Amino acid sequence: MTGQIFRYEVPVDDQWHEIAGCGTPLHVDCRNPWIVEFWAWQREDLPARRLRVFGTGQLIPDGTHYRGTTIAPGGQLVWHLIEQH
């Protein structure tokens, strides 16, 4: 089966976001201080992922996996993309 690489967004809002059909993030970045972007393979047969953005120093629950870090524009905020299984 073929796939494509798509860009996805996860808002910085202390909520878990379910994103269907995306693979493990390949790259994480940030152009807007309140939205973390990531690029991943997109295929309809992939299961949904639950992702959330955490700031440096925030408590991150057990049973999660680190997916990437980015620095927001201006360099004062650092965001970490975390996946919950």
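From a predicted model like this one, the values you see are computed outputs, not experimental measurements.

> Tell me about the packing of aromatic side chains, and name the residues and values.
Applying the stated criterion across every chain, the model contains three aromatic pairs. On the numbers, 5.1 Å between centres and 20° between planes, the contact of Tyr8 with Phe38 is stacked. Residue Tyr8 is found in strand S1 (residues 4-11), and its partner Phe38 is found in strand S4 (residues 35-42); the two are separated by 30 residues along the sequence. The residues Tyr8 and Phe38 share a single accessibility class, namely buried.

> Tell me what's going on with the pairing of strand S7 (residues 78-84), and back it up with residues and numbers.
Burial of S7 is extensive: five of the seven residues sit out of reach of the surface. As paired strands, strand S5 (residues 49-55) and S7 are joined by six bridges and run antiparallel to one another. Considered in S7, the bridge of Phe54 is made with His80. Inspection of the sheet shows strand S6 (residues 64-71) paired to S7 by seven bridges, in the antiparallel sense.

What counts, and where the lines are drawn
Residues numbered from 1 in each chain as written. Predicted model: local features only at pLDDT ≥ 70, side-chain atom pairs only at ≥ 80, totals over all residues. Heavy atoms only, no water. Phe/Tyr/Trp six-rings, centres within 6.5 Å; stacked < 30°, edge-to-face > 60°. Helix = DSSP H or I, 4+ residues; strand = E, 2+ residues; numbered from the N terminus. Buried < 20%, exposed > 50% of the residue type's maximum accessible area, 1.4 Å probe, protein only. Pairing = 2+ DSSP bridges.

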